[in-house]
Amino acid sequence: MAGQINAFQIAQAQFDHVAEQLKLDAGVREVLRWPTREFTFRIPVRMDDGSLNVFTGFRVQHSDVRGPSKGGIRFAADETLDTVRALAMWMTWKCAVVDIPLSGGKGGIVVDPSKLSVNEKEHLCRGWVQQMIRNIGPRQDIPAPDVGTNAQMMGWMMDEYSKLSGEFTPGAFTGKPVGSGGSQGRTEATGFGVIYNIREAMKRRNIDPKNSVAAIQGFGNVAQHAAMGFVELLGGKVACVSCWDRNDKKSYTYSHKDGVDAKFLLSITDQYGTIDKAKATAAGYAVEDGDAWISKEVDVLIPAAIENQINAESVKKISSRLKILAEGANGPTTPEADEYFKEKGIFLVPDFLCNAGGVTTSYFEGVQNDMNFYWSKQEVLGRLDEKITDAFNAVYEMSEKKKVYMRDAAYMVAIQRVVDAMQMRGWLQGDW
Ligand code: NAD
């Protein structure tokens, strides 16, 4: 649509803003504001009814400066090359901010996966690998699940890669099922990573976690484990969670006067994250409008559903008690709402730091695959805590040193690490 800027233009504008503050060299900017490599290809699939369908697939490798590219494969009907480019660039910054030796990549197929049979899905996954086999692998580019893809699909893709390459290569994909090269702790990783970040933010702001209350938007993988972690790891209370009800086609907020019991709610939630209203009501939960989560009297807000949820309008409903905004989702806050948080001095844990637990554990999965030796859940989560805490501290210190908002500080830490790697590899003039 004329005049509307797309995700890739937003990603480039964010980069340009920080590149200016860091006074980056023009050549460095030109390298980092574009993908290093990108692939668009066609995947023919024989469908169950015997017809031949052709699907469009993408893979974008934004960078390989700090290590192989890393990022999910999305199956989405509205997938575009520009969306994949933006997501690949953001993966570069996410990997750099948690200091794992990987760079950004992303992939996709233009398809609505709910319209495919299991057989057709498997053929499409294998077809994607057949097109990309020469340009992916544990030392080149390591895909993972994302919107519309799951652990089973990574299992098929890893199998196809291993068959075509003639070697069992579990490290070619992450997010695989446990027992087929997957890592313990991957399910909890993103939600717990959000909680480790909140714990560190509370230390810096002298907030007692045990007397803290949080409101969470969403009840999918990230929100479920953030809700459990807020209670089990911090000793706080979760006032509410929310979800999109796929039967009613609207969202609801579920709250309980004693705090929500995430394990109970999980037992009455379907695989798409929709909570059973009748069972929740019977158990004493109040079921309110989907927007109610944002105006609760809480210390911490955790948007963990979809993008653009805290915007110029909804930000006005936030309670004056709020102290921390922890972005579990990608891009939940619009620039207008950011201005409000800056003005009020509310502490922000920005998305690509806050939700980096997933990619960090994917990196651990690859390490375990390489060693062919697998860690316990406790070991995985302990190492995750260490990585997230270090990342939080680096960003916090940058925000203090440069007197900038945490979002800008996270970009500064990440971009500086990528530029340092370019320098060390001899891409730039002068001694390191
Ligand atoms: P998910 O699909 O498991 O769950 C999404 C949840 O959001 C569901 O409960 C759904 O009902 C709810 N939801 C959707 N629209 C809503 C609305 N309008 N109002 C209220 N709730 C709504 O997804 P997820 O894996 O939990 O991911 C959530 C966010 O976190 C996304 O932005 C994703 O990109 C990001 N993220 C996820 C991971 C991960 O490891 N899962 C890692 C990094 C970032």
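In this text the structure is predicted, and so the values were computed from the model without any measurement.

About the thresholds
- Residues numbered from 1 in each chain as written.
- Predicted model: local features only at pLDDT ≥ 70, side-chain atom pairs only at ≥ 80, totals over all residues.
- Heavy atoms only, no water.
- Domains from an automatic or database assignment.
- Pairing = 2+ DSSP bridges.
- Helix = DSSP H or I, 4+ residues; strand = E, 2+ residues; numbered from the N terminus.
- Axes fitted to C-alpha atoms, helices over the stretch in contact; angles between N-to-C directions.
- Contact = heavy atoms within 4.5 Å.
- Parallel < 35°, antiparallel > 145°, perpendicular 65-115°, else oblique.
- Nonpolar A, V, L, I, M, F, W, Y, C, P; charged D, E, K, R; others polar.
- Expected span 1.5 Å × (residues − 1).
- 1 Å grid on protein atoms, 1.4 Å probe; cavity = no way out; pocket = protein on both sides within 12 Å on 5 of 7 lines; lining within 4 Å.
- Points joined across faces, edges and corners; volume = space filled by probe spheres on them.

Draft legend 1. Looking closely at the domain arrangement of the protein. Entries for the protein in the domain assignment read domain 1 (36-171) and domain 2 (187-349). Each of domain 1 and domain 2 has a C-alpha centre, and the two are 30 Å apart.

Draft legend 2. Examining the sheet that holds strand E9 (residues 286-289) more closely. Read across the open sheet, the seven strands follow the order E9-E8-E7-E6-E10-E11-E12; overall the sheet is mixed. In this open sheet, the two edge strands, each paired with only one partner strand, are E9 and strand E12 (347-349). Adjacent strand axes in the sheet meet at a mean angle of 20 degrees when their direction is disregarded. Here helix H7 (residues 221-232) sits on the sheet and contacts strand E6 (213-217), strand E7 (237-245) and strand E10 (300-303); the angle it forms with E6, its principal contact strand, is near 175 degrees.

Draft legend 3. Geometry of the packing of helix H3 (residues 81-97) against helix H14 (residues 406-424). One can describe the packing of H3 onto H14 by two numbers: an axis separation of 8 Å at closest approach and a directional angle of 90 degrees. For the element pair H3 / H14, the angle class is roughly perpendicular. Side by side, H3 and H14 meet where Trp90, Thr92, Trp93, Ala96 and Val97 of the first sit next to Ala410, Tyr411, Val413, Ala414, Ile415, Arg417 and Val418 of the second. Residues of the contact of H3 with H14, tallied by class, amount to ten nonpolar, one polar and one charged.

Draft legend 4. Examining the side chain of Gln368 more closely. Checked against the element boundaries, Gln368 lands in helix H12 (residues 357-371). Sequence-distant contacts of Gln368, defined by excluding residues within four places in its chain, comprise Ser183, Phe373, Tyr374, Trp375 and Val380.

Draft legend 5. Representation of helix H13 (residues 377-402) within the structure. Over its 26 residues, H13 extends 37 Å from the first C-alpha to the last, a length consistent with the 38 Å expected when each residue adds 1.5 Å. Within two residues after H13, Lys403 carries a phi angle of roughly 55 degrees, on the positive side.

Draft legend 6. Representation of empty space enclosed by the protein in the model. The full count for this structure, using the stated rule, is one cavity of 30 Å³ or more. Empty space within the largest cavity amounts to approximately 40 Å³. Considering the residues around the largest cavity, the lining is formed by Val31, Leu32, Thr36, His62, Ser63, Asp64, Val65 and Trp427. For the lining of the largest cavity, the per-class residue count stands at four nonpolar, three polar and one charged.

Draft legend 7. Region of interest: the layout of surface pockets. Estimates place the volume of the second largest pocket at around 210 Å³. Along the walls of the second largest pocket sit 14 residues, with Arg205, Phe347, Val404, Tyr405 and Met406 positioned nearest its centre. In terms of residue count, H13 provides more of the lining of the second largest pocket than any other element does, three residues in total. Classifying every residue of the lining of the second largest pocket gives eight nonpolar, two polar and four charged.

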